[in-house]
Amino acid sequence: MKYSPKEVKDINEKFNFNFKKKFGQNFIIDENIINKIVDKSNIDSKSLVVEIGPGGGSLTNKLSLTAKNVLCYEIDEQLKPILEEQFKNKTNVDVIYQDFLKANLAKDIEKYSYEKLYVIANLPYYITTPIIIKLIESKVCIDKIIVMVQKEVGERFSASIGSKNYGSLTVFLNYYFNISKIANVSRHVFIPVPNVDSVVVLFEPKSNLIKARNEDHFFELVRKSFRQKRKTLKNNLREYDLEIVEKVLEKRGESLNTRAEALPLDFYVELSNELSD
Ligand code: SAM
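Residues numbered from 1 in each chain as written. Predicted model: local features only at pLDDT ≥ 70, side-chain atom pairs only at ≥ 80, totals over all residues. Heavy atoms only, no water.

Draft legend 1. Seen up close, the site of the ligand. Neighbouring residues of the ligand: 24 residues in total, closest Gly 53, Glu 74, Asp 99, Asn 122 and Tyr 126. In this structure, an oxygen atom belonging to the ligand sits 3.3 Å away from a main-chain N or O atom of Gly 55. Asn 122 is positioned with one of its side-chain polar atoms (N or O) 2.8 Å from an oxygen atom of the ligand. In isolation the ligand offers 590 Å² of accessible surface; the protein chains occlude 100% of this area. Here the residues of the shell around the ligand are counted per class, giving twelve nonpolar, eight polar and four charged. (Near = heavy atom within 4 Å. Polar contact = N/O pair within 3.5 Å; in protein donor to acceptor, adjacent residues only side chain to side chain. Areas by Shrake-Rupley, 256 points an atom, 1.4 Å probe, with all protein chains shown as cover. Nonpolar A, V, L, I, M, F, W, Y, C, P; charged D, E, K, R; others polar.)

See below:
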């Protein structure tokens, strides 16, 4: 695929393709952004890349030039003729026409041999968080995730403690990953132009993961701690043993009047371990 709006329009007309808002279709038309995403990933000829939502295939094409294999999931079968034309001479690009949220990633990648696995995508904005959660729950060992997401969502992923964007999602994702923003992206590099700007976010699995003894308990505790953001932990954690909560808080010089947004990941892991003993 070429990258000027006119060329994208011509291809869409040739294949009778209409952008679908319900699938979050905003295609990149700026090759510099594509290059930046691929350069930051450090993929090489031994890498398998999973791309969710190849769209017209512009990012896919660039990935296929370096990676050993690119496995894509695309929900919109109307893109099939465009992608088939684009990759008819490539043997290292496979597209599964399926909702990624229903896919069996672990099974689908079994047939590939690779040294490192990357997930690289310009994500459909309406399901950004479910996709990240699906990747975690798939239990597949992923070396890096690089995704373009709405700016506001990306800022929640990588928010620092005490900031307005720091919430249960931040703690949840930081349990698994070191998360950093690697680029700001203007809305004007997409066609059609979305209402918001984007960011590219890098997720690197933590090698020194501090494990919660009971992960279900930990996630529930984090969710409840942030239930009403303006309220103190005393209010949000009423159903737990508040004496234990207070003891763990005091070790950090905090009290039951502290709010959830002021506390780091390791506090929640420690508290969950104490409460679920
Ligand atoms: N990668 C292309 C690009 O950057 O130009 C397209 C990105 S566009 C933001 C998101 C893509 O995800 C679209 O092609 C859309 O059809 C696809 N998509 C939306 N929901 C999906 C789902 N549940 N599973 C797989 N693909 C999906």
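Here the narrative resumes.
Draft legend 2. Structural view of a negative patch on the surface. Together, Asp 241, Glu 243, Glu 246 and Glu 250 give the surface a local cluster of negative charge. In this fold, Glu 243 is placed in helix H11 (residues 242-250). (Patch = residues over 30% accessible without salt bridge, like charges linked within 9 Å, V, L, I, M, F, W, Y side chains within 5 Å. Salt bridge = Lys/Arg side-chain N within 4 Å of Asp/Glu carboxyl O. Lys, Arg positive; Asp, Glu negative; His and termini not counted. Charge placed at Lys NZ, Arg CZ, Asp CG, Glu CD. Helix = DSSP H or I, 4+ residues; strand = E, 2+ residues; numbered from the N terminus.)

Draft legend 3. Region of the structure containing the layout of surface pockets. In this structure, the largest pocket encloses a volume near 310 Å³. Taken together, 14 residues make up the lining of the largest pocket; nearest its centre are Ile 136, Val 140, Tyr 176, Phe 177 and Pro 205. Of the residues in the lining of the largest pocket, the class split is ten nonpolar, no polar and four charged. In this structure, the second largest pocket spans a volume of roughly 260 Å³. Considering the residues around the second largest pocket, the lining is formed by 14 residues, among which Lys 21, Gly 24, Asn 26, Pro 194 and Asn 195 are closest to the centre. Its residues assigned to classes, the lining of the second largest pocket shows seven nonpolar, five polar and two charged. (1 Å grid on protein atoms, 1.4 Å probe; cavity = no way out; pocket = protein on both sides within 12 Å on 5 of 7 lines; lining within 4 Å. Points joined across faces, edges and corners; volume = space filled by probe spheres on them.)

Draft legend 4. Highlighting helix H2 (residues 31-41). Burial in H2 covers these residues: Ile 33, Ile 34, Ile 37, Val 38 and Ser 41. Seen along its axis, H2 keeps its buried residues to an arc of 130°; they face one direction. In H2, the exposed positions that point more than 90 degrees away from the buried face belong to Asn 32 and Asp 39. Of the surrounding secondary structure, the elements contacted by the buried residues of H2 are strand S1 (27-28), helix H3 (58-66), strand S5 (116-122), strand S6 (144-150), strand S7 (177-185) and strand S9 (198-205). Where H2 begins, the capping side chain belongs to Asp 30, and its oxygen is found 2.8 Å from the backbone nitrogen of Asn 32. Directly beyond the C-terminal end of H2, a positive phi value near 60° is found at Asn 42. (Buried < 20%, exposed > 50% of the residue type's maximum accessible area, 1.4 Å probe, protein only. Arc of directions from axis to C-beta. Contact = heavy atoms within 4.5 Å.)

Draft legend 5. Representation of the environment of Tyr 175. Here Tyr 175 is to be found in helix H8 (residues 168-176). For Tyr 175, a relative accessible area of 1% corresponds to the buried category. Linking Tyr 175 and Leu 209, residues 34 residues apart in sequence, is a C-alpha distance of 7.1 Å. Aside from chain neighbours lying at most four places away, what touches Tyr 175 is Lys 206, Leu 209, Ile 210, Lys 211, Ala 212, Glu 215, Phe 218, Phe 219, Leu 265 and Val 269. In this structure the side chain of Tyr 175 is engaged in a polar contact, spanning 2.8 Å, whose partner is the backbone nitrogen of Ala 212.

Draft legend 6. Molecular detail of the domain arrangement of the protein. You can read the domains of the protein as domain 1 (5-205) and domain 2 (215-275). If you average the C-alpha positions of domain 1 and of domain 2, the two centres end up 34 Å apart. Taken residue by residue, the interface counts twelve residues in domain 1 and 15 residues in domain 2. Interface of domain 1 and domain 2: buried area, both sides summed, is about 1,000 Å²; carbon and sulfur atoms make up 68% of it. When the buried surface of domain 1 facing domain 2 is broken down by residue, Tyr 166, Val 171 and Tyr 175 rank first, second and third, together holding 49% of it. Counting across the domain 1 and domain 2 interface gives zero salt bridges. Counting every contact that joins domain 1 to domain 2 gives five residue pairs in polar contact (both at pLDDT 80 or more). In the side of domain 1 that touches domain 2, the residues fall into six nonpolar, five polar and one charged. (Domains from an automatic or database assignment. Buried area = accessible area lost by both parts, 1.4 Å probe.)

Draft legend 7. Region of interest: the nonpolar core. Counting 59 residues, the largest nonpolar core has Ile 109, Phe 157, Leu 173, Phe 203, Phe 218 and Tyr 268 as its most contacted members. Taken domain by domain, this core gets at least three of its residues from each of domain 1 (5-205) and domain 2 (215-275). Within the second largest apolar cluster, 35 residues are counted, among which are Phe 15, Ile 33, Val 70 and Val 189. (Core = buried A, V, L, I, M, F, W, Y, C linked by side-chain atoms within 4.5 Å.)

Draft legend 8. Seen up close, the sheet that holds strand S2 (residues 47-52). Ordered in space as S4-S3-S2-S5-S6-S9-S7, the seven strands form an open sheet in which the pairing is mixed. Two strands bound the open sheet, and with one partner strand each, they are strand S4 (93-96) and S7. Direction aside, neighbouring strands of the sheet carry axes that sit 20° apart on average. Pairing of S6 with S9 involves six bridges; the strand directions are antiparallel. If you follow Ile 146 over to S9, its bridge partner there is Leu 202. With respect to the sheet, H8 is in contact with S7 and S9, its orientation differing from that of S7 by roughly 115°. (Pairing = 2+ DSSP bridges. Axes fitted to C-alpha atoms, helices over the stretch in contact; angles between N-to-C directions.)

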